[in-house]
Amino acid sequence: MKINNASISAIFNRNFNKNDVAILINKGVIEQELVPLILNLITTRTRLQNLLRLYTYENSTLYLINLDQVSLLQLSFGKEVKEEDLVSGFEKVKNLAEDVFRENIMTYELAFSGIVERRIKGLPISMPSLNNPKIMGFRIISGLQDSSDDIRYKDLLEIILEPIVNNLNQTFVSVTYRDKSLNQDRISSTFKDVEDVINYLCE
């Protein structure tokens, strides 16, 4: 599977605030040239203060994001992401989260998506019409105790497979894995689980 984009996040049970940003500045986490801009943003009433770019690495960017009543410390990757990139990125996010937000950590999240050069089994050759619906993809969720649960920020593994509309011999795969006990071994095993699902559902 070729991964087109991915992210590693630590999710906290509160919004970040000015004090958190000050701590990150003092720890040297934020690029020096961004410090004046970030200080200006967090002292003004603007939605921009809910999405702060902290640091850009060779193949990833570190963000601090406010969403509803939670916040994310997120390392976002661009194209051609490898498993080892996500493993090393996780350690970076985890160490920083435990250093600054230890008491507020809800869970960790691994998310990635990409294309596989395989076709979903049993897929119709022609696109379905509204009068003749067919199964066009799969959504698999593991880990929820109740199907009616709100899945936002809950620990789970979600795998989505969908055909590429203009090329049914390709399949789009999206994976979200949240686990407070996430570690290097579980990241590796997630890739194995996804590979097993693809082998079972695609030809």
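Computed from a predicted model, the values in this text were never measured in an experiment.

**Details of the pattern of salt bridges**
Next, step 1: Counted by the stated rule, this structure contains eight salt bridges.
Next, step 2: Between Glu109 and Arg178 there is a salt bridge, and its shortest N-O distance comes to 2.8 Å. Of this pair, Glu109 sits in strand β5 (residues 105-116) while Arg178 sits in strand β8 (residues 167-178); the two residues are 69 residues apart in sequence, bridging distant segments of the chain. Exposure class is identical for Glu109 and Arg178. Each is buried.
Next, step 3: Close ionic contact of Arg186 with Asp179 constitutes a salt bridge, the shortest N to O distance being 2.5 Å.
Next, step 4: The exposure class of Arg186 is partly exposed, given its relative accessible area of 34%.

**Overview of the nonpolar core**
Next, step 1: Grouped together as the largest cluster of nonpolar side chains are 52 residues, with contacts concentrated most on Val21, Ile30, Leu52, Leu54, Leu64 and Leu73.
Next, step 2: Per-element accounting of this core gives the leading share, seven residues, to helix α3 (residues 83-100).
Next, step 3: The residues touching Leu64, leaving out its near neighbours within four places in the chain, are Phe16, Val21, Leu24, Asn50, Leu51, Leu52, Leu54, Leu72, Leu73 and Phe101.

**Some remarks on the sheet that holds strand β7 (residues 156-164)**
Strand pairs in the sheet, formed through backbone hydrogen bonds, run parallel or antiparallel to each other.
Next, step 1: Strand order in the open sheet formed by eight strands is β2-β3-β4-β1-β5-β8-β7-β6, and the pairing between neighbours is antiparallel. Strands with a single pairing partner mark the edges of an open sheet, and in this sheet they are β2 (51-56) and β6 (138-142). Each strand of the sheet is rotated relative to its neighbour by a mean of 15 degrees, with strand direction disregarded.
Next, step 2: By the bridge criterion, eight bridges tie strand β3 (residues 60-67) to strand β4 (residues 70-77) in an arrangement that is antiparallel. Within the sheet, the bridge partner assigned to Ile65 lies in β4 and is Leu72.

What counts as what
Residues numbered from 1 in each chain as written. Predicted model: local features only at pLDDT ≥ 70, side-chain atom pairs only at ≥ 80, totals over all residues. Heavy atoms only, no water. Salt bridge = Lys/Arg side-chain N within 4 Å of Asp/Glu carboxyl O. Helix = DSSP H or I, 4+ residues; strand = E, 2+ residues; numbered from the N terminus. Buried < 20%, exposed > 50% of the residue type's maximum accessible area, 1.4 Å probe, protein only. Core = buried A, V, L, I, M, F, W, Y, C linked by side-chain atoms within 4.5 Å. Contact = heavy atoms within 4.5 Å. Pairing = 2+ DSSP bridges. Axes fitted to C-alpha atoms, helices over the stretch in contact; angles between N-to-C directions.

Treat this as a map of the structure, not an account of what it does.
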